[in-house]
Amino acid sequence: MRFLPVFLDLKAGPVVLIGAGELLRAKLRVLAAAGARLRVHAIDGNHEFGLGAQDAARVDIAVGDPLTTDLSGVIAIVCAGAGDVGVAMSMRAKALGLPVNVMDDLEHSSFIFPAIVDRGDVVVAVGTGGTSPVVARRVREKIEALLPARIGELAEFIGTFRKSINERIAEFPLRRRFWERVIDGPIGAAVLAGRRGEAGASLEAIADPSAFARADKPEGSVALVGAGPGDPDLLTIKALRALQDADIVFHDELVSPEILDRIRRDTTRVAVGRRVGKPGIGQDAINKRMIEGAQAGQRVVRLKGGDPFVFGRGGEEVEALRAAGVAYSIIPGITAGLGAAADFEVPLTYRHEATRITFLTAHKARDAEAVDWSMLTDTKMTLVVYMGMTAAPAVRAGLFAAGRSPETPVGVFARVTRPDTQGAIGTLRDLPELVRRIHGGPAILIIGDVVRHAGSLRRQTPKQIISDLMDAAE
Ligand code: SAH
């Protein structure tokens, strides 16, 4: 390691910044935003720095030659777009033993700038020894994605209670376990969710901090997590974090292998869902196993395709968790209908054409009582039909009986957001035929005028598909 990451106290004195142009202004913004006091030598004479009033108040415009200016009390020297002056400044700084950075010039720099993740009290610095700032930035983006937004608040929260806990727990290792349990348990989760007041009250309610720290079981919890329709990049950042933190994951069959790959390697995975022809372990058994896991101190994730609260039985699971008094959280996912809309460029609403959306399940469509089709005849309403493949003839019959036109545009969209996604577009009249063209589910139906706006179906245009269909019908 040539460069050791350290954190510089910006209160200790001013930073001298020398340079010109956009390079100078970019560094100026970084340093000013960090709270540095600055003495700026703008070689090009341009003093338009574009800073807000607060930052500008800490910036002094220096006059005179930087090579002879008095440097006593200065904590560091930074050159950006300074040309030869940078090199000369570097020699001067080194002679005085002052830290110096000359932008893009390792040879003349005694320190370099890392890529920074700034979350208040939590700051992460990423360096590549000056070899590749682009790589450092990519690493920073990955860390940004994994660090909870309120991690700085968590550090600050602990800071406020640290003294009183130090006084109540004498032994250092026990103190550390205390904080680990707080961070990993519901109190930490509450701070990260922005419920600081609740977290503070829970912490203060711990009557015996040493006993709390000694408890052998961590506090378990269950997260109901929406996995989205298949593309792992459509997981939310929160969902990804939950997958990385989980001790055990109960997942549906619908969840794609690419998403299961994002689960931490040593996490137990249990497939609990139904598959066509196979029953799965049943809802009661799923509830029971989740609750047992949490009560045994595990971090349980219940991973479901799409969104947990859209035809996903998430509601029943939450009721069971509430009844058992287990800590739980709900992380939404992108539901299949939204995935289909994006994949096939079907806007679900459209100014005057479609002003309402109904999400419905056709699971029980063959049971004439189960769906009130007369509710669904508004031509300005887009229908998004889940579990509609085998029920397609019943969906068509129901909508016809209610008076929807046979010419109503319809799309059948299968395995959306996955590499092998497939779509077929036509009219309500053709619906069963469209479904026959699909090679395997899961698939979703979108019914309504908006389907006319669909984009390409991977090489096939909607027009081509409709003409194919006409040919087939003849
Ligand atoms: N909770 C899920 C829905 C579960 S019901 C969600 O919010 O998406 C199962 C139905 O969802 C399937 O019958 C199908 O209609 C739809 N579905 C799920 N994943 C899909 C996908 N990748 N492509 C198309 N439809 C999908």
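Not measured: the values here are computed from a predicted model.

Here is what the cut-offs are and how they apply
- Positions within a chain are numbered from 1, following the residues in the order the chain's sequence is written.
- For a predicted model such as this one, the threshold for reporting local features is a pLDDT of at least 70, and the threshold for listing and counting side-chain atom pairs is 80 or more; totals across whole chains, interfaces and linings nevertheless cover every residue.
- With hydrogens and water set aside, each side-chain value is computed from the structure's full complement of heavy atoms.
- Numbering goes from the N terminus for both helices and strands, where a helix is a DSSP run of H or I of at least four residues and a strand is a run of E of at least two.
- Throughout, the radius of gyration refers to the C-alpha atoms, and the reference size of a globule is 2.2 Å times the residue count to the power 0.38.
- In this scheme, a residue with accessible area under 20% of its type's maximum is buried, one over 50% is exposed, and one in between is partly exposed, where area comes from a 1.4 Å probe on protein chains only.
- It only takes one pair of heavy atoms within 4.5 Å for two residues to be counted as in contact.
- Reported accessibility uses the Shrake-Rupley method at a 1.4 Å probe radius. Residues are deemed covered only where the shown protein chains occlude them.
- Should a side-chain nitrogen of Lys or Arg be within 4 Å of a carboxyl oxygen of Asp or Glu, the pair is scored as a salt bridge.
- Only a single heavy atom is needed: when it lies within 4 Å of a molecule or strand, its residue is near that molecule or strand.
- In protein, a polar contact means a hydrogen-donor-capable atom and an acceptor-capable atom, both N or O and within 3.5 Å, with residues adjacent in sequence counting only if both atoms are side-chain atoms; elsewhere, any N or O pair within 3.5 Å suffices.
- Each residue is assigned to one class: nonpolar for Ala, Val, Leu, Ile, Met, Phe, Trp, Tyr, Cys and Pro, charged for Asp, Glu, Lys and Arg, and polar for all the others, Gly among them.
- Between N-to-C directions, angles cover 0 to 180 degrees, with each direction set by a line fitted to C-alpha atoms, over the stretch in contact for helices.
- Working definition: roughly parallel below 35 degrees, roughly antiparallel above 145 degrees, roughly perpendicular at 65 to 115 degrees, and oblique for all remaining angles.
- Each helix crossing is assigned a hand: it is left-handed if the near helix lies turned anticlockwise from the far helix by less than a right angle, otherwise right-handed if that turn is clockwise.
- Pairing between two strands requires that DSSP report at least two bridges joining them.

Asks: Explanation requested: the overall build of the chain in the structure shown.
Replies: The number of helices and strands found in the chain is 17 helices and 17 strands. Expected size for 474 residues packed as a compact globule is a radius of gyration near 23 Å; at 30 Å, the chain overshoots this value by more than 25%. Every one of the 474 residues in the chain was classed for burial, and the buried ones make up 43%. Within the chain, counting contacts between residues at least 6 apart in sequence, those at least 24 apart form 63% of the total. Of the accessible surface of the chain, which amounts to about 24800 Å², a share of 54% is contributed by carbon and sulfur atoms.

Asks: Would you mind showing me how to read the pattern of salt bridges here?
Replies: In a structure, side chains of opposite charge can pair up when their charged atoms sit close to one another. For the structure on display, the rule yields 23 salt bridges. Residues arginine 119 and glutamate 144 are paired through a salt bridge, measuring 2.8 Å at the closest nitrogen-oxygen approach. Of this pair, arginine 119 sits in strand β6 (residues 115–119) while glutamate 144 sits in helix α4 (residues 133–146), and the two are 25 residues apart along the sequence. One network of salt bridges, with partners in common, ties together Asp252, Arg302, Lys304 and Glu317.

Asks: Got a minute to help me understand the site of the ligand in this structure?
Replies: Residues in close proximity to the ligand total 18 residues, the closest being Asp307, Val310, Thr335, Ala336 and Ala443. Valine 310 places a polar main-chain atom, nitrogen or oxygen, 2.7 Å from a nitrogen atom of the ligand. In this structure, a nitrogen atom belonging to the ligand sits 2.9 Å away from a main-chain N or O atom of valine 416. Here the ligand, which alone exposes 540 Å², has 92% of that area covered by the protein. Broken down by class, the residue content of the shell around the ligand amounts to 12 nonpolar, three polar and three charged.

Asks: What am I meant to see in the environment of glutamate 317 here?
Replies: Within the secondary structure, glutamate 317 is located in helix α13 (residues 314–324). Residue glutamate 317 is classed as buried on the basis of its relative accessible area of 0%. Distance from glutamate 317 to glycine 200, taken between C-alpha atoms, is 28 Å for residues 117 residues apart in sequence. Setting aside its immediate chain neighbours within four residues, glutamate 317 contacts Leu224, Gln283, Ile286, Asn287, Met290, Arg302 and Lys304.

Asks: Would you take a moment to explain the packing of helix α12 (residues 283–295) against α13 for this structure?
Replies: Axes are the key here: two packed helices are described by the angle between their axes and the distance separating the axes. At a minimum axis distance of 10 Å, the contact between α12 and α13 shows a crossing angle of 40 degrees. In terms of orientation, α12 lies oblique with respect to α13. The interaxial crossing formed by α12 with α13 has right-handed handedness. Across the interface between the two elements, Gln283, Ile286, Asn287, Met290, Ile291 and Gln295 of α12 pack against Glu316, Glu317, Ala320, Leu321 and Ala324 of α13. Class assignment for the residues of the contact of α12 with α13 results in six nonpolar, three polar and two charged.

Asks: Any chance you could explain the packing of helix α5 (residues 151–168) against helix α8 (residues 196–204) here in plain terms?
Replies: Packing of α5 against α8 leaves a shortest axis separation of 12 Å and a crossing angle of 35 degrees. Between α5 and α8 lies a crossing of right-handed hand. Residues Glu153, Glu156, Phe157, Thr160 and Phe161 of α5 pack against Arg196, Ala199, Gly200, Leu203 and Glu204 of α8. Counted by class, the contact of α5 with α8 contains four nonpolar, two polar and four charged residues.

Asks: Would you take a moment to explain the sheet that holds strand β3 (residues 59–61) for this structure?
Replies: Sheets are built from strands paired through backbone hydrogen bonds, the pairs being either parallel or antiparallel. One open sheet holds the five strands; their spatial order is β3-β2-β1-β4-β5, and the pairing between them is parallel. Every other strand in the sheet has two partners, leaving β3 and β5 (100–102) as the edge strands with one partner each. The sheet shows a mean angle of 20 degrees between the axes of neighbouring strands, direction not considered. Relative to β5, strand β4 (residues 76–80) runs parallel, the two sharing three bridges. Opposite valine 78, over in β5, you have asparagine 101 as the bridge partner. Along the sheet, helix α1 (residues 21–34) contacts β1 (15–19), β2 (38–42), β3, β4 and β5; its crossing angle with β1, the most-contacted strand, is approximately 160 degrees.

The analysis is restricted to geometry; functional conclusions fall outside its scope.
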